[in-house]
Amino acid sequence: MTWTVYILECGDGSLYTGITNNLDARVAEHEKGTGAKYTRGRGPLSVVFTEEHPDRSTALKREYKIKQMPVAEKRALF
C-alpha cells in the first residue's frame, strides 16, 4: 500500500498539507467538512501537489518537512 503526501490550496489562498492512503476519499472528506478542522469553511479546495511514498512512516517524515517549509518554498514544489 502506498501513501500520498498532498497539499491542498484553499479558497482563501492558504495551504494545507496532509497524508493519506486514499487521496480521492480524503479530498472528499475535506470537501464535506469532515476532514481536517483547518479546511472547514475554506473551500473551494484544490489538490496542487502529490507525492507517493512506500509506507506511512516515510510519508509522515516528508509531511513534517513540508510543514516546516516557508510558504514560498511550498509553492515552489508545485
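Check the entry above for the structure.
This is a predicted model, so every value here is computed, not measured.

> Report on the nonpolar core, specifying residues and quantitative values.
By size, the foremost hydrophobic cluster in this structure holds nine residues: W3, V5, I7, L15, I19, F49, A59, I66 and M69. If you list the elements that add at least two residues to this core, you get β1 (3–9), β2 (15–20) and α2 (56–68). Of all the elements, β1 adds the most residues to this core, at three residues. Ignoring anything within four residues of it in the chain, the contact list for F49 reads V5, Y6, I7, I66, L77 and F78. Judged by nonpolar contacts, the second largest core, of seven residues, contains L8, C10, Y16 and A36.

> Go over the packing of aromatic side chains with me, naming the residues and quoting the values.
All told, the structure shown has two aromatic pairs when counted by the stated rule. With centroids separated by 6.3 Å and ring planes inclined at 50°, the aromatic side chains of Y6 and Y16 adopt a geometry described as tilted. Within this pair, whereas Y6 is found in strand β1, its partner Y16 is found in strand β2, the two being separated by 10 residues in sequence. Since its relative accessible area comes to 15%, Y16 is described here as buried. Clustering of aromatic rings is evident, with ring pairs tying together Y6, Y16 and Y38. Between R42 and the ring centre of Y38, over which it is positioned, the NZ or CZ distance is 3.9 Å. Positioned over the ring face of W3 is R56, at 5.8 Å from the centre of the ring.

Thresholds applied
Residues numbered from 1 in each chain as written. Predicted model: local features only at pLDDT ≥ 70, side-chain atom pairs only at ≥ 80, totals over all residues. Heavy atoms only, no water. Core = buried A, V, L, I, M, F, W, Y, C linked by side-chain atoms within 4.5 Å. Buried < 20%, exposed > 50% of the residue type's maximum accessible area, 1.4 Å probe, protein only. Helix = DSSP H or I, 4+ residues; strand = E, 2+ residues; numbered from the N terminus. Contact = heavy atoms within 4.5 Å. Phe/Tyr/Trp six-rings, centres within 6.5 Å; stacked < 30°, edge-to-face > 60°. Lys NZ or Arg CZ within 6 Å of the ring centre and 35° of its normal.

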